[in-house]
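One letter stands for each residue in the lines below.
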Amino acid sequence: MAEFHDLAELALNRDNQSWGNLGYWKKDTEYSGACRALALLLGEDARLDEQSVVFDAGFGCGDQLSLWLTHFRVVQVRGVNLSRSQTAHARDRLAEAGFPAAAAAIVQGDINDGQAWHATLGTDRPSHVLALDCAYHFPSRLEFIALSHQHLAPAGRIALTDFMLADQHRTGSITHQLLRWMLRRSHIAEANIVHRTRYLNQLRAAGFEEARIIDISQHVMPGFAHFVRTFQGKARAGWKARLKYAVTGRFLQCAYRRSILRYCLISATKKD
Ligand SMILES: C[S@@+](CC[C@H](N)C(=O)[O-])C[C@H]1O[C@@H](n2cnc3c(N)ncnc32)[C@H](O)[C@@H]1O
């Protein structure tokens, strides 16, 4: 059966890379480099180190799992991804790179399903839960935050890159109708896209403290839009994927210019 999240993004990457996020375009000008830069930013904000045990929600095709293990030298990664094709791809990549299953235990499943967490974690408690450019796609980000709190070790950290409504954006406006249409098209639950104050309150209500949101939109949204407009290797992507990128790029450019959405780096610590 066709999947919404599949291997289409492979066509955007340089050889042997398989990222699938919006990228951080402050210095990078090609897709794989920009995606890796966004992952690095998240890992740094999460404060990953040699003691970390990472639970990665929505790990895509797995490049980020290798990054946590090699760049940040974390002890172990676990993860859940809804996509069957991406999870299989990630398993192959990890095996090719020589990581034993004990270092990187990943499963296919829905992050809002508590069983999926148990399947990869057992009774272990990760020091970090990460969600790189995917929490807006989850059926419920609130439920994801609650499960993260439940499974994290004491003083564990949650870190995400995610969309939220711009402070100026009014939910009764015409532009909000455009946003709702785009969210439906992109399989994103409307309840996941909230203002920054509400986002912070949701983290605090779930039992997190030191919650911090950094707006990185200017280096993400216009950069991705420019990339899809000018990408030379379009022929490698199928027409459906090309259409998806073109619409997403245009929408992100508009959502940035008209202050509808913001793209942010979010982190918080589990309260004792
Ligand atoms: C935009 S992609 C980002 C992929 C990857 N993190 C990266 O940066 O390359 C969104 C990811 O979230 C995953 N995802 C979406 N809904 C999910 C869910 N309910 N449970 C687990 N993973 C999910 C998708 O399969 C996909 O891998």
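A short tour of the structure in this document, coming up. Keep in mind that what you see is a predicted model, and the values were worked out from it rather than measured.

Moving on: the site of the ligand. The environment of the ligand is formed by 24 residues, the closest being His5, Asn21, Gly58, Gly60 and Cys134. Here the residues of the shell around the ligand sort into 11 nonpolar, 11 polar and two charged.

This paragraph deals with the nonpolar core. Ranked by internal contacts, the top residues of the largest apolar core, which has 74 residues, are Leu38, Leu42, Ala57, Trp68, Leu130, Met221 and Phe224. When residues in this core are grouped by element, the largest group, eight residues, is from helix α1 (residues 31–46). Met221 has contacts with Leu252, Gln253, Ala255, Tyr256 and Tyr263, leaving out every residue within four places of it along the chain.

What follows concerns helix α6 (residues 174–185). For α6, which comprises 12 residues, the first-to-last C-alpha distance of 17 Å matches the rise-based estimate of 16 Å (1.5 Å per residue) to within 8%. Of the residues trailing α6, His187 is marked for its positive phi of about 60°.

Where α1 meets helix α2 (residues 63–70), the axes come as close as 11 Å, and the angle between the chain directions of the two elements is 50°. Taken together, the axes of α1 and α2 are oblique relative to one another. Pair α1 / α2 crosses with right-handed handedness. Touching Arg36, Ala39 and Gly43 of α1 are Gln64, Leu67 and Trp68, all from α2. The class makeup of the residues in the contact of α1 with α2 is three nonpolar, two polar and one charged.

On to the environment of Arg262, then. Considering the arrangement of structural elements, one finds Arg262 in strand β7 (residues 261–270). Every residue in contact with Arg262, bar those within four places of it in the chain, is listed here: Met164, Ala166, Asp215 and Ser217.

The contact between helix α8 (residues 221–230) and helix α9 (residues 239–257) brings their axes to 8 Å, and the two run at 145°. Of the two elements, α8 crosses α9, and the hand of that crossing is left-handed. Contact residues: α8 offers Met221, Pro222, Phe224, Ala225, Val228 and Arg229, while α9 offers Tyr245, Ala246, Gly249, Arg250, Leu252, Gln253, Ala255 and Tyr256. Each residue belonging to the contact of α8 with α9 can be placed in one class, and the counts come to 10 nonpolar, two polar and two charged.

With mixed pairing, seven strands are arranged side by side in an open sheet as β3-β2-β1-β4-β5-β7-β6. Whereas interior strands pair on both sides, the edge strands pair on one side only; in this sheet they are β3 (104–108) and β6 (208–215). Pairs of neighbouring strands in the sheet enclose a mean axial angle of 20°, with direction left out of account. Taken together, the five bridges between strand β2 (residues 76–81) and β3 define a ladder with parallel strand orientation. Each residue of the ladder has a partner; that of Val80, found in β3, is Val107. On top of the sheet, α2 reaches β1 (53–57), β2, β3 and β4 (128–132); it is set at about 165° to β2, its chief contact. In this fold helix α5 (residues 141–151) packs onto β1, β4, β5 (157–165), β6 and β7, with an angle of close to 165° to the strand it touches most, β1.

Each value, and the rule that gives it
- Residues numbered from 1 in each chain as written.
- Predicted model: local features only at pLDDT ≥ 70, side-chain atom pairs only at ≥ 80, totals over all residues.
- Near = placed C-beta within 6 Å.
- Nonpolar A, V, L, I, M, F, W, Y, C, P; charged D, E, K, R; others polar.
- Core = buried A, V, L, I, M, F, W, Y, C linked by C-beta atoms within 7 Å.
- Buried ≥ 20, exposed ≤ 12 C-beta atoms within 10 Å, placed from the backbone.
- Helix = DSSP H or I, 4+ residues; strand = E, 2+ residues; numbered from the N terminus.
- Contact = placed C-beta atoms within 7 Å.
- Expected span 1.5 Å × (residues − 1).
- Axes fitted to C-alpha atoms, helices over the stretch in contact; angles between N-to-C directions.
- Parallel < 35°, antiparallel > 145°, perpendicular 65-115°, else oblique.
- Left-handed = near helix turned anticlockwise from the far one by under 90°.
- Pairing = 2+ DSSP bridges.

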